[in-house]
Amino acid sequence: MPRTARDVVFVDGVRTPFGKAGPKGLYAETRADDMVVRAIRELMRRNPSLPPERVDEVAIAATTQTGDQGLTIGRSAAVLAGLPKSVPGYAVDRMCAGAMTAVTATGAGISFGSYDVAIAGGVEHMGRHPMGEGVDPNPRFLADRLVDPSALVMGSTAENLHDRFPAITKERADAYAVRSQRKVAAAYAAGKVQPDLVPTAVRSAEKGWGLATVDEPPRPGTTMDDLARLKTPFRVHGNVTPGNAAGLNDGATACLLAAEDVARELGLAPRMRLADFSFAGVEPEVMGVGPVPATERLLARNALTMDDIGLIEINEAFAVQVLAFLDHFKIADDDPRVNPWGGAIAVGHPLASSGVRLMNQLSRLFEERPGVRYGLTTMCVGMGMGGTVLWENANWEGAK
């Protein structure tokens, strides 16, 4: 029988505090799947009117699907979190856009009528599983000159962007990074970030058991002079440094999606409505421009321009990648619509989990700004892709 598309809403989202990857990081002794479990359990705790058996799917992303973030992590995390055994799950991999893809895939299923309620998210334990661990790239990528060798090193692709867009200088990238640090610090001081952080048990050989309650990566007080002294690890006399790029991080995210009519039936308050999404490919050696064509397609399909977009949450994998996006759409570096509470340069980027962090942040901003109708979450993706999701404020005052 023909099916009519249903409206899909973002109900709630949570994340663990993000940690620094490595033997001294927050989660050095914490399993990746346990971080996901903590996020799923918190979602269910915060939404007691949702019967667990009404969850129809759990989609969890991880870029490096091995060890404690392997074993079809969506299903294994659902079982470990105590959801009924009848609730299925699966794993997703679109590198940095893994959680974003988990949302768009389950959202499409809800719209089609295959699901009523779904949990989507992502995890990356880069301390246990460095990006590319165990990967064996086909030699034909280079032998057949399908990609430039730099395409396989994300930092090198960012240096390539500086080459392509010489107006984006190192100083400009550093200035953007300093603003991101300041915005995250201001958001923390105002209590904007904390509501969706799930306190997570951690353990270290030195300190024993503890509780992670805040993000570990931010460096409040970072200055231009601080960043000017940093080395450029991807190119001698280059432009990309640890200060104007996201670090190596551990963390997990999860969100609750539902058909809008089902959400209201269950007493779940929608925060925003999934309007559309788009993924696009670009040359892998300049993967940072991926958000540009993805966003262009999305706006054109919905007869919108960037002037119609009131909020933009863009993942800050590298400052140059964000600035290339802003320049393309003629948006100022300090436009107040862009990452008002800061971004990944300060707070961290645990690869596959970051898409839902962007959505959590956008949904909270929508709550504060009922006059804003549309917002974007967008990010570049390894191997030459970009993804953008268009959201509508579920509490937009113009609809009343």
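Calculation criteria
- Residues numbered from 1 in each chain as written.
- Predicted model: local features only at pLDDT ≥ 70, side-chain atom pairs only at ≥ 80, totals over all residues.
- Heavy atoms only, no water.
- Helix = DSSP H or I, 4+ residues; strand = E, 2+ residues; numbered from the N terminus.
- Buried < 20%, exposed > 50% of the residue type's maximum accessible area, 1.4 Å probe, protein only.
- Core = buried A, V, L, I, M, F, W, Y, C linked by side-chain atoms within 4.5 Å.
- UniProt positions renumbered as here; feature names shortened; annotations may be inferred.
- Pairing = 2+ DSSP bridges.

### Quick look at the side chain of D33
Argument step 1. Residue placement: D33 occurs in helix α1 (residues 32–46).
Argument step 2. A residue is classified by how much of its surface remains accessible, and D33, at 9% relative accessible area, is buried.

### Focus on the nonpolar core
Argument step 1. Counting 81 residues, the largest nonpolar core has V58, I119, V123, M359 and W391 as the members making the most contacts within it.
Argument step 2. No other element matches α1, which puts 8 residues into this core.
Argument step 3. Core analysis: the second largest hydrophobic core is formed by 40 residues, L161, I168, L227 and M306 among them.

### Brief notes about the UniProt feature "domain: Thiolase N-terminal" (unreviewed entry) in the protein
Argument step 1. UniProt tags residues 8–261 as "domain: Thiolase N-terminal" (unreviewed entry).
Argument step 2. Annotated as 31% helix and 19% strand, the span residues 8–261 places its first and last C-alpha atoms 9 Å apart.

### Describing the pairing of strand β8 (residues 249–259)
Argument step 1. The element β8 is largely enclosed, with a buried count of 11 among its 11 residues.
Argument step 2. Residues N249, G251, T253, C255, L257 and A259 point to one face of β8 and D250, A252, A254, L256 and A258 to the other, with burial holding for every one of them.
Argument step 3. Pairing of strand β1 (residues 8–15) with β8 involves 7 bridges; the strand directions are antiparallel. Across the sheet, F10 pairs through a bridge with L257, a residue of β8.
Argument step 4. Alignment of strand β2 (residues 19–20) against β8, held across 2 bridges, turns out to be antiparallel. Within β8, the position partnered with K20 by the bridge is N249.
Argument step 5. In the sheet, strand β5 (residues 117–125) pairs with β8 via 9 bridges, with the strands oriented antiparallel. Across the sheet, residue A118 finds its bridge partner in β8, namely L257.

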